[in-house]
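So the chains spell out like this:
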Amino acid sequence: MKVPLLDLQPQLEQLRPRILAAFTRVLDSTGYILGPEVSGLEERIAAYCGASFGVGLSSGTDALLAALMALDIGHDDLVLTTPYSFFATMGVVLRQGALPVFVDIDPDSFNMDAEQAASILAADRKNGRKIKAILPVHLYGQCADMQKITALAAEFDIPVVEDAAQAIGAEYPYIQDGKAQWYRAGSMGLCGCFSFFPSKNLGCIGDGGMLTTSDERFAGLVRSIRNHGAEPKYYHQRVGGNFRLDAIQAAILAVKLDCLDHWHQQRADNAAMYRQLFAAAGLSDDPVVLPKELYADVEGAQEHRHHIYNQFVIRVPERDALRQHLQARQIGCEIYYPLCLHQQECLPAQVSRNQHFNEAEKAAASTLALPIYPGLHKEQIAYVVEEIKNFYRQGG
Ligand SMILES: *Cc1c(COP(=O)(O)O)cnc(C)c1O
């Protein structure tokens, strides 16, 4: 049996006529840049995420870049972020001439450790306040500890840019007086940055992204920056770029958005089946550490989507051998991410190479993402678990 890490065919088959109709509509309109397709999608995504405004952008990377540009983050400014993410999170900081300050991750969530963030921010205040933004990532589809992070942001008066590329629709509980209030990714910081790269839970047929915010001034600024800072046309008060979302991508995303909650549910069902089978095989949580559902015990959690499972990531000590075993049996799996951001060769000299972030490094050495996409068959999930069981039966 073959089990790809990701297969987009099932969702394509389901939607082909509607996608082709959307495609033809935009083609015949001859309006290919921004326009009603993009603004319509912006409104829908903003509403879906619980924010007031959406700004369609050319990719998740460009959403992050435009956010930092709008915040005027530049040369020698510092941005507090995680060492364990896709490269874009750090890449946009470096492209602005700014430098990342890393906070190690919480091993249960793989996300920024808010306690450590607090002590770094306190030290920064003593050093003259060079940290200009906090950039947490909601990795794999589960939100970072936003209650603590946004409290720090308020205390230190620093904006939060959420890297929500993997977390559209993921909900997070703020607890007050013993009661939970749930917020969606992209509605908790100053802004949220989303990616529609095909492998994300909501993906287009190319590159695309979106920024959400409830700050009208900030939304306007990002809108201007995505179009060379022109306001009005041909008059430039600032330098922006071409970071526009294509009308064709927006039209296709609008079709797919109708299915997003259903796809989220299929991913959650697949995750539940993995948990069941790993437990039945006697593999969880030793040696196979399953992804933690951090907010599952909060009151009312069953009515909220606290993990959207963009990835289902296990941890195992024998990761590389297991990966080989699975790949040899045509089971797709991947390492997100094999090298931490603080270990990347492109880092400028000002960022010390002698820093260690133990939890991030341990994660990079032990994580493995298994197939979880909507449309994955039960027999395929069973086969994946069976093969992992065989691996350990053979001695690991
Ligand atoms: C995918 C991703 C991005 C970048 O999005 P693109 O649309 O590929 O530019 C940024 N951050 C994280 C965490 C991502 O997973």
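**Quick word on helix α5 (residues 114-126)**
Side chains of residues three or four places apart in an α-helix project in the same direction, reflecting 3.6 residues per turn. Its 13 residues give α5 an end-to-end C-alpha distance of 19 Å, which sits within 8% of 18 Å, the value for a rise of 1.5 Å per residue. Listed in full, the buried residues belonging to α5 are Ala114, Ala117, Leu121 and Asp124. Looking down the long axis of α5, one finds its buried residues gathered within 70° of arc, a one-sided arrangement. Along α5, the residues that are exposed and aim more than 90 degrees away from the buried face are Glu115 and Lys126. Tucked into the core, α5 has its buried residues touching β2 (78-81), β4 (131-135) and α6 (146-156). Directly beyond the C-terminal end of α5, a positive phi value near 100° is found at Gly128.

**Side note on the sheet that holds strand β9 (residues 209-213)**
The strand order across the open sheet built from 4 strands is β1-β9-β8-β5, with neighbouring strands paired in mixed fashion. Unpaired on one side and paired on the other, β1 (53-57) and β5 (161-163) mark the two borders of the sheet. On average, each strand axis in the sheet is tilted by 20° relative to the strand beside it, whichever way the strands run. Bridge analysis of β1 against β9 gives 5 bridges, and the strand direction is antiparallel. Bridge pairing in β9 places Leu57 opposite Gly209. The strands touched by helix α3 (residues 60-70) are β1, β5, β8 (191-195) and β9; relative to β8, the strand with the most contacts, the crossing angle is about 155°.

**Notes on the sheet that holds strand β3 (residues 99-102)**
One open sheet holds the 3 strands; their spatial order is β3-β2-β4, and the pairing between them is parallel. If you trace the sheet from one side to the other, it starts and ends with β3 and β4, each paired once. The mean inter-strand angle of the sheet, taken between neighbouring strand axes irrespective of direction, is 30°. Examined bridge by bridge, β2 and β4 share 4 bridges and lie parallel to one another. Pairing of Val79 across the sheet is with Ala133, part of β4.

**So, the side chain of Lys200**
Following the sequence through the fold, Lys200 ends up in the loop between β8 and β9. No salt bridge is formed by the buried Lys200. Its closest oppositely charged neighbour is Asp163, at 6.7 Å.

**Let's talk about the packing of aromatic side chains**
Taken as a whole and judged by the stated rule, the model has 13 aromatic pairs. Residues Tyr274 and Phe278 carry aromatic rings whose centres are separated by 6.0 Å and whose planes lie at 20° to one another, so their mutual orientation is stacked. One end of the pair is Tyr274 and the other is Phe278, both in helix α9 (residues 260-280) and 4 residues apart, which spans about a single turn. Of the two residues, Tyr274 and Phe278, both sit in the buried class. Ring centres of Tyr336 and Tyr337 lie 5.5 Å apart, and the angle between their planes is 65°; on these two criteria the pair is classed as edge-to-face. Judged by relative accessible area, Tyr336 falls into the partly exposed class, the value being 21%. Taken together, the ring pairs in this structure connect Tyr84, Phe86, Phe110, Tyr140, Tyr336 and Tyr337 into an aromatic cluster.

**Thoughts on the domain arrangement of the protein**
Segmentation of the protein into domains returns domain 1 (9-257) and domain 2 (260-393). If you average the C-alpha positions of domain 1 and of domain 2, the two centres end up 24 Å apart. Facing the 49 residues of domain 1 at the interface are 46 residues of domain 2. Counting each side, the surface lost to burial between domain 1 and domain 2 is near 4000 Å², with a carbon and sulfur contribution of 62%. Viewed at the interface, domain 2 and domain 1 are joined by 0 salt bridges. Joining domain 1 to domain 2, the criterion identifies 28 residue pairs in polar contact (both at pLDDT 80 or more).

**Structural notes on the site of the ligand**
If you check the shell around the ligand, you find 14 residues, and the closest are Thr61, Asp163, Gln166, Ser195 and Lys200. Between Asp163 and the ligand, the recorded distance is 2.8 Å, taken from a side-chain N or O atom to a nitrogen atom. Summarising the interface, the protein chains cover 92% of the accessible area of the ligand, which totals 380 Å² for the free molecule. According to the grid-proximity analysis, the pocket containing the ligand is the largest pocket. Going through the elements one at a time, α3 and α4 (88-95) are the ones with two or more residues in the shell around the ligand. For the shell around the ligand, the residue count by class is 4 nonpolar, 8 polar and 2 charged.

**Digging into the nonpolar core**
Grouped together as the largest cluster of nonpolar side chains are 69 residues, with contacts concentrated most on Leu41, Ile45, Tyr84, Ile134 and Ile168. Those residues in contact with Leu41, other than ones at most four positions away along the chain, are Met210, Leu245, Ala250, Leu253, Ala254 and Leu257.

**Here we look at the pairing of strand β11 (residues 367-370)**
Of the two faces of β11, the one holding Thr367 and Ala369 and the one holding Leu368 and Leu370 are both buried throughout. Sheet topology places strand β10 (residues 312-315) next to β11; 4 bridges connect them, and they run antiparallel. Across the sheet, Val313 pairs through a bridge with Ala369, a residue of β11.

**Examining the environment of His356**
Tracing the backbone through its elements, the reader meets His356 in the loop between α10 (319-328) and α11 (358-366). Considered as a pair, His356 and Asp104 are 252 residues apart in the sequence and their alpha carbons are 8.7 Å apart. At 3.0 Å, the side chain of His356 and the side chain of Glu361 are in polar contact.

Rules of the game
Residues numbered from 1 in each chain as written. Predicted model: local features only at pLDDT ≥ 70, side-chain atom pairs only at ≥ 80, totals over all residues. Heavy atoms only, no water. Helix = DSSP H or I, 4+ residues; strand = E, 2+ residues; numbered from the N terminus. Expected span 1.5 Å × (residues − 1). Buried < 20%, exposed > 50% of the residue type's maximum accessible area, 1.4 Å probe, protein only. Arc of directions from axis to C-beta. Contact = heavy atoms within 4.5 Å. Pairing = 2+ DSSP bridges. Axes fitted to C-alpha atoms, helices over the stretch in contact; angles between N-to-C directions. Lys, Arg positive; Asp, Glu negative; His and termini not counted. Salt bridge = Lys/Arg side-chain N within 4 Å of Asp/Glu carboxyl O. Phe/Tyr/Trp six-rings, centres within 6.5 Å; stacked < 30°, edge-to-face > 60°. Domains from an automatic or database assignment. Buried area = accessible area lost by both parts, 1.4 Å probe. Polar contact = N/O pair within 3.5 Å; in protein donor to acceptor, adjacent residues only side chain to side chain. Near = heavy atom within 4 Å. Areas by Shrake-Rupley, 256 points an atom, 1.4 Å probe, with all protein chains shown as cover. 1 Å grid on protein atoms, 1.4 Å probe; cavity = no way out; pocket = protein on both sides within 12 Å on 5 of 7 lines; lining within 4 Å. Sits in = over half its atoms within 2 Å of the grid points. Nonpolar A, V, L, I, M, F, W, Y, C, P; charged D, E, K, R; others polar. Core = buried A, V, L, I, M, F, W, Y, C linked by side-chain atoms within 4.5 Å.

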